[in-house]
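The residues making up each chain are set out below.
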Amino acid sequence: MIRWAIYSLNGRIDRIYSGSPQEAALQLQGDESLVPIYEPLTDASAYVLNGTVAERQPFPFNVDKTTLTADGVDETVISGIPAGTSVNWPDGQVDDITDGEVRFSVDLPGTYPLRFSAISYLDQEVTIEAVPAA
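Residues numbered from 1 in each chain as written. Predicted model: local features only at pLDDT ≥ 70, side-chain atom pairs only at ≥ 80, totals over all residues. Heavy atoms only, no water.

Trainee: Any details on the sheet that holds strand β7 (residues 67-69)? Residues and values, ideally.
Mentor: The 5 strands lie next to each other as β7-β13-β12-β9-β10, forming an open sheet whose pairing is mixed. Edge positions in the sheet fall to β7 and β10 (94-96), since each has one partner strand and no second. The sheet shows a mean angle of 25 degrees between the axes of neighbouring strands, taken without regard to direction. Pairing between strand β9 (residues 86-88) and β10: 3 bridges, direction antiparallel. Residue Ser-86 lies in a different strand from β10, and its bridge partner there is Asp-96. (Pairing = 2+ DSSP bridges. Helix = DSSP H or I, 4+ residues; strand = E, 2+ residues; numbered from the N terminus. Axes fitted to C-alpha atoms, helices over the stretch in contact; angles between N-to-C directions.)

Shown next as C-alpha cells:
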C-alpha cells in the first residue's frame, strides 16, 4: 500500500492517505494534488516543493531573551524570521511577518507562548516569561 501526501498549491500537506493511486486520486478536493510520501515523514514534518516531498527544517531565527520585565517597556526581539512566516500571539491573533522580526513586550507578569508557522519550517513555539518589575 502506498502512502500519499495530499497537498495544496502552496506546498502544505493537508493530509496523508494510504491506498492505490486510483483511490488516492478520489480523495482530492479543489486544487489539491498528490505525491508519494515515505516513512518517517508526516504532514507535520514535510511539505511539497516542486512536486517533491521535502523535510521541514527548524526555524533559523534568533531570540534575544526569553525572560523580560513586565513593565510594557522591556522587550524580547525575535529576528531573522523567514518570509512567509506567521506568528500566533497569546491572545489568538495571527499576523504575517513582513520585516523579519517580532518585538514583544507586556505589562502583566505571566507566561506567553508565541507560535511560529511557515510551510517549509517545523512549527515552533517560543515561550516568553514576563516577571514583575522590581
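Trainee: Lay out the pattern of salt bridges with the relevant residues and their values.
Mentor: Side-chain pairing between opposite charges can occur once the charged atoms of the two side chains come close. Within this structure, the stated rule accounts for 7 salt bridges. Between Glu-101 and Arg-103 there is a salt bridge; the shortest N-O distance is 2.8 Å. Given a relative accessible area of 27%, Glu-101 falls into the partly exposed group. Its relative accessible area of 47% is what places Arg-103 among the partly exposed residues. Across the pair Asp-123 and Arg-115 runs a salt bridge whose closest N-O atoms are separated by 3.9 Å. According to the relative accessible area criterion, Asp-123 is partly exposed, its value standing at 35%. (Salt bridge = Lys/Arg side-chain N within 4 Å of Asp/Glu carboxyl O. Buried < 20%, exposed > 50% of the residue type's maximum accessible area, 1.4 Å probe, protein only.)

Bear in mind that shape data such as this cannot, by itself, settle questions of function.
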